[in-house]
Amino acid sequence: MTDEQQNQLRKIRAYASREAVPILQDETGDFICAYIKEHNVRTVLEIGTAVGYSAIKFAMTDEDVRVTTIELDLERHLAAKENIARAGLSSRIEAIHADALFYDFNGRFFDLIFIDAAKAQYIKFFEKYKESLAPHGAIISDNLSFHGMVDDLSLTHNYSTKKLVKKIQKYVDFLRTNPEFTTEFFECGDGISVTRRAQRA
């Protein structure tokens, strides 16, 4: 990563902080970038672009990495496109403005799928995009701790937040009991999981 690219990431992080746009935590980003290197990941699908910070970080991991990222919010999508262009990565990051629940990749497969969009839709995202996962690929899901509330619901008294946390709890249970996949959970950032297809005997 060049000094210019690092400076670009700092600018995006500052913008996200000012505008209250949730972006990847440093610890989580470092974990995923290490995973990309260790497992020779070449194609990444990201559900939830925000302003492009994580897509840029993933693409900077290796010159052979290609990232496809989907964002529903038009303003964030346009900001991401601009940030990607400024980072000189438009040729390796495909930013799509669409509802990920209804987008069709027409048989494309990805080595890594990163789910970091609407938390209440995680199960639907997983069920839809598992079909786009390469045979030895992984699905990484972020924010599974949700500021500690998933393990301790008493940390919030807000009804809508409690409702969302219960949906995340349901997703965690879905991952734990899914017979098609095996999942590891990590206390990294705001809680992440790495899910791979179960190995048949």
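The coordinates are above.
Read on for an overview of the structure. Keep in mind that this is a model prediction, so the values were computed, not measured. Per chain, residue numbering runs from 1 following the sequence as it is written. Local features in a predicted model are, by the rule used here, given only for residues with pLDDT of at least 70; side-chain atom pairs are given and counted only at 80 or more, and totals for whole chains, interfaces and linings are based on all residues. Heavy atoms from the whole structure form the basis of all side-chain values; hydrogens and water molecules are not counted.

Think of it this way: any DSSP run of H or I at least four residues long counts as a helix, any run of E at least two long counts as a strand, and we number them from the N terminus. Relative to the helices and strands, T69 resides in strand β2 (residues 66-71). Exposure categories follow from relative accessible area, calculated using a 1.4 Å probe and restricted to protein chains: below 20% of the type maximum is buried, above 50% is exposed, and the middle band is partly exposed. Owing to a relative accessible area of 0%, T69 belongs among the buried residues under this scheme. Counting along the chain gives 29 residues from T69 to N40, while the straight-line C-alpha distance between them is 19 Å. A contact between two residues is defined here by any heavy atoms of the two lying within 4.5 Å. Discounting residues that sit within four places of it in the chain, T69 has contacts with E46, G48, T49, A55, I93, E94, A95 and I96. Polar contact criterion, stated in full: a pair of N or O atoms within 3.5 Å, where within protein one must be able to donate a hydrogen and the other to accept it, and residues adjacent in sequence count only if both atoms are side-chain atoms. Here E46 takes part through its side chain, which lies 2.6 Å from a polar atom of the side chain of T69. In this structure the side chain of T69 is engaged in a polar contact, spanning 2.6 Å, whose partner is the side chain of T49.

Take the nonpolar core next. Formed by 33 residues in total, the largest nonpolar core has its most connected members in I56, F58 and L112. Of all elements in the fold, only α1 (3-18), α2 (26-38), α3 (53-59), α4 (74-86), β3 (93-97), β4 (110-115) and β5 (133-141) reach the threshold of two or more residues within this core. A per-element tally of this core places α3 first, with five residues. If you look at the next biggest cluster of nonpolar residues, it comprises 24 residues, including I47, Y122, F126 and L133. The nonpolar core is taken to be a set of buried Ala, Val, Leu, Ile, Met, Phe, Trp, Tyr and Cys residues, with the residues joined through side-chain atoms within 4.5 Å.

Turning next to α4. With 13 residues, α4 ought to run about 18 Å at 1.5 Å a step, and its terminal C-alpha atoms sit 18 Å apart, in line with that. Taken as a whole, α4 has its buried residues at H77, A79, A80, N83 and I84. The buried residues of α4 occupy an angular sector of 165 degrees when the element is viewed end-on, so they sit on one face. Turned more than 90 degrees from where α4 packs its buried face, E75 and R86 sit exposed. Residues of α4 that are buried in the fold lie against α1, α3, β2 and β3. For α4, the N-terminal cap is D73; the gap from its side-chain oxygen to the backbone nitrogen of E75 is 3.1 Å. Helix span is expected to be 1.5 Å times the residue number reduced by one. Think of it as the arc spanned by the lines of direction from the helix axis to the C-beta atoms.

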